[in-house]
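Residues per chain, in single letters:
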Amino acid sequence: MTFTKAEWPRRLRSQEWYGGTSRDNIYHRGWLKNQGYPHDLFDGRPVIGILNTWSDLTPCNGHLRELAEKVKAGVWEAGGFPLEVPVFSASENTFRPTAMMYRNLAAMAVEEVMRAQPIDGAVLLVGCDKTTPSLLMGAASTDIPSIVVTGGPMLNGWFRGERVGSGTALWQMSEDIKAGKMSQEDFLEAEQAMSRSSGTCNTMGTASTMASMAEALGMALSGNAAIPAVDARRRVMAQVTGRRIVQMVKDDLKPSDVMTKQAFENAIRVNGAIGGSTNAVIHLLAMAGRCGVDLSLDDWDRLGRDVPTIVNLMPSGKYLMEEFFYAGGLPVILKRLGEAGMLHKDALTVSGDTVWDEVKDAVNWNEDVILPVEKALTASGGIAVLKGNLAPKGAVLKPSAASPHLMRHRGRAVVFEDIDDYKAKIGDEALDIDETCVMVLKNCGPKGYPGMSEVGNMGLPPKVLRKGITDMVRISDARMSGTAYGTVILHTSPEAAVGGPLAVVRTGDMIEIDVEARRLHLDIPEAELSARLAAWTPAADAPKGGYDWLFRTHVEGADTGADLDFLKGCRGREVPRDSH
Ligand code: FES
């Protein structure tokens, strides 16, 4: 990667607002001075927007205001002018129908906030699942110098001597309740142990995965992803990031210099090695779309096939992010990939150095957390992309979270028309289902839910759980929480709500999956499938207007990242002058 630094000093875009004696300049400066800023701060130094996704209703990001103060300290030290800016915070644990519906709205808002305001560089303060991709998407669409600081994971949860992994434990315990293995009282007691510090989910769920993706892409300083939220080193990371963004502005080191095709390929390899969330597939495809990088589901399958999963973290393994940090964190993984010839070593990072410069001296301090290749959780750990007449545009499965004995399977479909149908039927002891069946859930894709909820890991029927069975093949157009597990085929495209083949599967049809062959097949005659598709009609479920209309009218399929069609690409940093 060749990157040519811009000459310095030069006039920055913030000077269009602050640098002069016109009526407009005085208007912009004068109002900001009501915060007590001296006049010399408007002398042409980089103005750094600290885009903060803090919110009381996004508890995973609840500590970001303290971190913002450390970022500010770093910006001041480096001669910049920091201004904290609250931005849309799509909380995973409260937004309905699903936070995913608002990722694109948040990205759109961030893009406009960055472009419309006197910001020369941005520190993206993120953490919870959707906050990381939405801010990266917005930043990519402006190409204003930007750098990520994540809030970091929570400390380990502990309950009666066992680690409690965010989300993962919730799935396990709720299945144990249905199977009669756990009491409701114990479940409530375990709740107190799940979230014992500030921070994001402590498993290798979507938040930790996206923090890892940001670092693997080169958009965060090396080592950022795994530092626990409450470790003093998290605050150090925030401060040095504040220092760094000032120099990035001077050098004009932009997202497009860092988020290249090479960087995305590095991130995909990393996702396989860490056993990362299937949500990363959708987010990276959307981010690449903003960057103008040609990335596809086929790239995910091609690049992930020979990557072993070596990070022994829940939901695939047994440890949590705190232990990953102590073992050396993501730099160790990048180094391993580099040694195995699976890393574009010369990909540029926000540090100004290559990724290899950053990680070549990393040390693995715990070989039970970061495993040797011969002890990998899964030899082929990358996301598997299945195709066939049931998923012409692809569906995904996470091998490290699936059961080996179900990776090749033929079973009778038990169909749920939507999530309400599933909830109504799954507990019915008369439901004709056993562990050999394939559970099929429709109408949970981007347009269908709407927003593509994390319901793909449908809980098993109680009568199956009572037999001690813990996994069945499940297929849907939904997503799955990064903290979840099982032989779960997700993101089936085209989705049912637009008339994809998933829409016409019937209870009793036979379905074949073969992960090794990347095959997902509905075993009915071709003519029968064509006839069913020809007779299919969409649900009469019109959007109510507002963002619901905008989203459902313009959202694209999961196979290309589920972005809004008119938001793809980079629209740059230029903005018309105002006139007061
Ligand atoms: Fe916010 Fe997991 S729910 S990080």
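One structure accompanies this document, and this report is about it. These numbers come from a predicted model, not from an experiment. (Residues numbered from 1 in each chain as written. Predicted model: local features only at pLDDT ≥ 70, side-chain atom pairs only at ≥ 80, totals over all residues. Heavy atoms only, no water.)

### Observations regarding the overall build of the protein chain
Definition in use: Per the convention used, a helix needs a DSSP run of H or I reaching at least four residues, while a strand needs a run of E reaching at least two, with both numbered from the N terminus. Atoms considered for the radius of gyration are the C-alpha atoms alone. The globule rule reads 2.2 Å times the number of residues to the power 0.38. The cut-offs for exposure are 20% and 50% of the maximum accessible area for each residue type, with area from a 1.4 Å probe on protein chains only; residues under the lower value are buried, those over the upper are exposed, and the others partly exposed. Each accessible area value is a Shrake-Rupley result obtained with a 1.4 Å probe; residue values ignore everything except the protein chains displayed when judging cover.
For the protein chain, the helix and strand inventory stands at 20 helices and 14 strands. The C-alpha radius of gyration of the protein chain comes to 24 Å, within 12% of the 25 Å expected for a compact globule of 580 residues. With the C-alpha coordinates aligned to their principal axes, the bounding extent of the protein chain is approximately 80 × 55 × 50 Å. Of all 580 residues assigned to the protein chain, the portion counted as buried reaches 62%. Of the accessible surface of the protein chain, which amounts to about 21700 Å², a share of 52% is contributed by carbon and sulfur atoms.

### Observations concerning the pairing of strand 1 (residues 47-52)
To keep it simple, the criterion reads: Pairs of strands are assigned from DSSP output, requiring at least two bridges between the strands. Handedness rule for crossovers: strands pointing away from the viewer, path from the first strand over the helix to the second running clockwise, crossover right-handed.
By the criterion of burial, strand 1 is predominantly enclosed, with six of the six residues buried. On strand 1, burial covers both faces: V47, G49 and L51 on one face and I48, I50 and N52 on the other are all buried. Two strands pair when backbone bridges link them, and strand 1 and strand 2 (residues 81-86) are joined in this way by six bridges, in the parallel orientation. What sits directly across from L51, in strand 2, is V85. Crossover connection from strand 1 via helix 3 (residues 64-77) to parallel strand 2: handedness right-handed.

### Looking at the packing of helix 4 (residues 100-116) against helix 12 (residues 279-291)
The criterion, for reference: Note on definitions: angles span 0 to 180 degrees between N-to-C directions of axes, and those axes are lines fitted to C-alpha atoms, for helices only across the stretch in contact. We call two directions roughly parallel when the angle between them is under 35 degrees, roughly antiparallel when it is over 145, roughly perpendicular when it lies between 65 and 115, and oblique otherwise. Whether a crossing is left-handed or right-handed is set by the direction in which the near helix is turned from the far one by less than a right angle, anticlockwise for left-handed and clockwise for right-handed. In this analysis, two residues are considered to be in contact whenever any of their non-hydrogen atoms come within 4.5 Å of each other. Each residue is assigned to one class: nonpolar for Ala, Val, Leu, Ile, Met, Phe, Trp, Tyr, Cys and Pro, charged for Asp, Glu, Lys and Arg, and polar for all the others, Gly among them.
Contact geometry of helix 4 with helix 12 gives a least axis separation of 13 Å together with a crossing angle of 30 degrees. Here helix 12 runs roughly parallel to helix 4, going by the angle between their axes. Crossing geometry of helix 4 relative to helix 12 is assigned as right-handed. Residues M100, R103, A107 and E111 of helix 4 form the contact with helix 12, whose own contacting residues are I282, H283, A286 and R290. Here the residues of the contact of helix 4 with helix 12 sort into four nonpolar, one polar and three charged.

### Regarding empty space enclosed by the protein
In plain terms, the rule: Only protein atoms enter the 1 Å grid used here, on which a cavity is any set of points holding a 1.4 Å probe that cannot leave and a pocket is any open set flanked by protein within 12 Å on both sides along at least five of seven lines; residues with an atom within 4 Å of a point are listed as lining. Grid points are joined across faces, edges and corners, and a volume is the space filled by probe spheres set on the points.
By the definition in use, this model includes three cavities of 30 Å³ or more. Of the voids in this model, the largest cavity is the one considered here, and its volume is about 70 Å³. In terms of lining residues, the largest cavity is bounded by E215, G218, A220, L221, S222, L334, T349, V350, S351, V355, E358 and V359. The volume enclosed by the second largest cavity comes to roughly 50 Å³. Looking at which element gives the most residues to the lining of the second largest cavity, the answer is helix 8 (residues 206-217), with three residues. In terms of residue class, the lining of the second largest cavity is built from five nonpolar, seven polar and no charged.

### A closer look at the pairing of strand 4 (residues 146-150)
With respect to burial, strand 4 is a largely interior element, five of its five residues being buried. Of the two faces of strand 4, the one carrying S146, V148 and T150 and the one carrying I147 and V149 are both buried. Pairing analysis gives five bridges linking strand 3 (residues 121-126) to strand 4, with the strands arranged parallel. What sits directly across from L124, in strand 4, is V148.

### Some thoughts on the layout of surface pockets
In this structure, the second largest pocket encloses a volume near 420 Å³. Taken together, 22 residues form the lining of the second largest pocket, with R13, E16, W17, E574 and V575 sitting closest to its centre. Taken together, the elements giving at least two residues each to the lining of the second largest pocket come down to helix 1 (15-18) and helix 2 (23-32). Residues that form the lining of the second largest pocket fall into these classes: seven nonpolar, four polar and eleven charged.

### Digging into the environment of S174
The criterion, for reference: In protein, a polar contact requires one atom able to donate a hydrogen and another able to accept it; more generally it is a pair of N or O atoms within 3.5 Å, and residues adjacent in sequence count only if both atoms are side-chain atoms.
By the secondary structure assignment, S174 is in helix 6 (residues 168-178). Side-chain polar atoms of S174 contact the backbone oxygen of L170, separated by 3.0 Å.

### Observations concerning the pattern of salt bridges
Between side chains of opposite charge, a pair can form as their charged atoms come close. Put simply, the rule reads: Any carboxyl oxygen of Asp or Glu that lies within 4 Å of a side-chain nitrogen of Lys or Arg is treated as forming a salt bridge with it.
The tally for this structure, following the rule as stated, stands at 45 salt bridges. We note a salt bridge from E69 to K72, for which the minimum N-O separation is 3.5 Å. Within this pair, E69 and its partner K72 are both found in helix 3, separated by three residues, close to a single helical turn. With a relative accessible area of 18%, K72 lands in the buried category. Among the salt bridges present, the one from D176 reaches K181, with a minimum N-O distance of 4.0 Å. We classify K181 as exposed; its relative accessible area is 57%. The network of salt bridges with common partners includes E111, E112, R115, R290, D563 and R571.

### Concerning the sheet that holds strand 2
Strands in a sheet are paired, the pairing made by backbone hydrogen bonds, and the direction either parallel or antiparallel. Taken in spatial order, the four strands make up an open sheet running 2-1-3-4, and their pairing is parallel. Both edges of this open sheet fall to strand 2 and strand 4, since each of them pairs with a single strand only. Ignoring which end each strand starts from, the neighbouring axes of this sheet average 20 degrees apart. Here helix 3 sits on the sheet in contact with strand 1, strand 2, strand 3 and strand 4, set at roughly 160 degrees to strand 2. Its contacts with the sheet place helix 9 (residues 232-251) against strand 1, strand 3 and strand 4, and it is angled at close to 175 degrees to strand 4.

In short, the description is geometric, and any link to function would need to be established separately.
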